[in-house]
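Topology and contacts: notes
The residues making up each chain are set out below.
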Amino acid sequence: MRTFVQIDVQNLFFSAKDINKRIDFLKIRDHFAKSGDDIVGLHAYIIRTPDAKSNKFEGLLKSLNYELNIKQAVIGYSAEGQRIYKGTDQDLAICIDCMINIEKFDKWVLMSGDGDFIDLCKHLKKNGKIVEVWSIPGTSFNKKFCDYADMIHFLNESFFYTPDENRQDVP
């Protein structure tokens, strides 16, 4: 089955951080590579903040054959002078890429629990696509996905980085 995988990196990163875990993108890639599906796209959507050093992480994802979509966040300031980040989601980019590629896949895999994608799920279902959602259980998962996704999976320990692994590819 032709499968298009889109990963909302920020959503997964912060959801995992809330439970003191780190996502292992090698394990995610390997999972889909071994699934038996024809992976027609493996896309990671990243927000780059001006003060973050993300080159090593981005290099890792590229070396694992992820196609990266990077959006530069902008630092702004509130009326009280508090620093805030603007432009810190990739929802629109994920939707546009999905629609551009809709004829290339039979199954769409979204790795995010963000409910902003519910309407996209509805549209894909109307167009005969299989919709699979992967998330981390808890507050980051919108339960409305249950009404529109064919399959829902929650990332478990096998998708998290464990520091005792003797690997050189993890930043």
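Scroll up to find the structure.
Residues numbered from 1 in each chain as written. Predicted model: local features only at pLDDT ≥ 70, side-chain atom pairs only at ≥ 80, totals over all residues. Heavy atoms only, no water.

**Comments concerning the environment of A52**
- Inspection of the secondary structure assignment puts A52 in the loop between strand 2 (38-48) and helix 3 (55-63).
- Residue class for A52 comes out partly exposed when judged on its relative accessible area of 38%.
- Spatially, the C-alpha atoms of A52 and C98 are 28 Å apart, while their sequence positions differ by 46 residues. (Helix = DSSP H or I, 4+ residues; strand = E, 2+ residues; numbered from the N terminus. Buried < 20%, exposed > 50% of the residue type's maximum accessible area, 1.4 Å probe, protein only.)

**Some details on the side chain of Q90**
- Within the secondary structure, Q90 sits in the loop between strand 5 (83-86) and helix 4 (91-100).
- A polar contact is formed between the side chain of Q90 and the backbone oxygen of N69, at a distance of 2.8 Å.
- With near-sequence residues (within four places) excluded, Q90 lies in contact with Y45, I46, I47, N69, I70 and K71. (Polar contact = N/O pair within 3.5 Å; in protein donor to acceptor, adjacent residues only side chain to side chain. Contact = heavy atoms within 4.5 Å.)

**Focus on the pairing of strand 5**
- Across four bridges, strand 4 (residues 74-77) lies against strand 5 in antiparallel orientation. By the bridge assignment for strand 5, I75 is matched with Y85.
- The loop that links strand 4 with its antiparallel partner strand 5 comprises five residues; one of these, G81, has a positive phi angle of about 90 degrees. (Pairing = 2+ DSSP bridges.)

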